[in-house]
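Fold and contact review
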Amino acid sequence: MGRTFSDKMNDTKLLVLGMQQNIEQLGDIGITAEKVSALEELQKKVAELNSKQESLKKQLKECTAELTVASKDLSTKQSDFRKRIKIIIPQENWKDFGIDSKK
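About the criteria used
- Residues numbered from 1 in each chain as written.
- Predicted model: local features only at pLDDT ≥ 70, side-chain atom pairs only at ≥ 80, totals over all residues.
- Heavy atoms only, no water.
- Helix = DSSP H or I, 4+ residues; strand = E, 2+ residues; numbered from the N terminus.
- Rg over C-alpha atoms; globule rule 2.2 N^0.38 Å.
- Buried < 20%, exposed > 50% of the residue type's maximum accessible area, 1.4 Å probe, protein only.
- Contact = heavy atoms within 4.5 Å.
- Areas by Shrake-Rupley, 256 points an atom, 1.4 Å probe, with all protein chains shown as cover.
- Lys, Arg positive; Asp, Glu negative; His and termini not counted.
- Charge placed at Lys NZ, Arg CZ, Asp CG, Glu CD.
- pLDDT = per-residue confidence, 0-100.
- Salt bridge = Lys/Arg side-chain N within 4 Å of Asp/Glu carboxyl O.

1. Notes on the overall build of the protein
Regarding its fold elements, the protein presents three helices and zero strands. The C-alpha radius of gyration of the protein comes to 30 Å, more than 25% above the 13 Å expected for a compact globule of 103 residues. Reported as C-alpha extents along the three principal axes, the dimensions of the protein are approximately 90 × 25 × 20 Å. Taking all 103 residues of the protein together, 8% fall into the buried category. Taking the intrachain contacts of the protein between residues at least 6 apart in sequence as the baseline, contacts between residues at least 24 apart amount to 26%. Split by element, the accessible area of the protein, about 8,900 Å² in all, is 57% carbon and sulfur. Taken together, the 19 basic and 16 acidic charged side chains of the protein have centroids lying 12 Å from each other.

2. Remarks on the confidence of the model for the protein
The predicted model of the protein averages 95 in pLDDT, with 98% of residues at 70 or higher. Per-element confidence in the protein ranges from a low mean pLDDT of 94 for helix α2 (residues 23–26) to a high of 97 for helix α3 (residues 33–88).

3. Observations regarding the pattern of salt bridges
Going through the model one piece at a time under the given rule, you end up with five salt bridges. Across the salt bridge formed by R84 and D80, the nearest N and O atoms sit 3.0 Å from each other. Of this pair, R84 and D80 both sit in helix α3, four residues apart, roughly one helical turn. D80 gets classed as partly exposed once you look at its relative accessible area, which sits at 32%.

Below, the structure written as structure tokens:
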């Protein structure tokens, strides 16, 4: 099973901490303090972007719910107005109101 986002973030924090504490031993394999610092900054950026994404998901969910309610209201009102128009307007003039139905 794949690792979760949270697991990856925790793994990166531990990796950075371990490298910072043992930086002298890692120099021979090309791991420098600058590279560790860059990884730490990247991890922070990813965390910030994830937080922003979660906030946007919440906003989208709220907007979608609002849109659903408003769309249903629009359909109900549109149907009601069409029914009322059909009562008093002759069928040959329904097109003026965008009504295509025959009944």
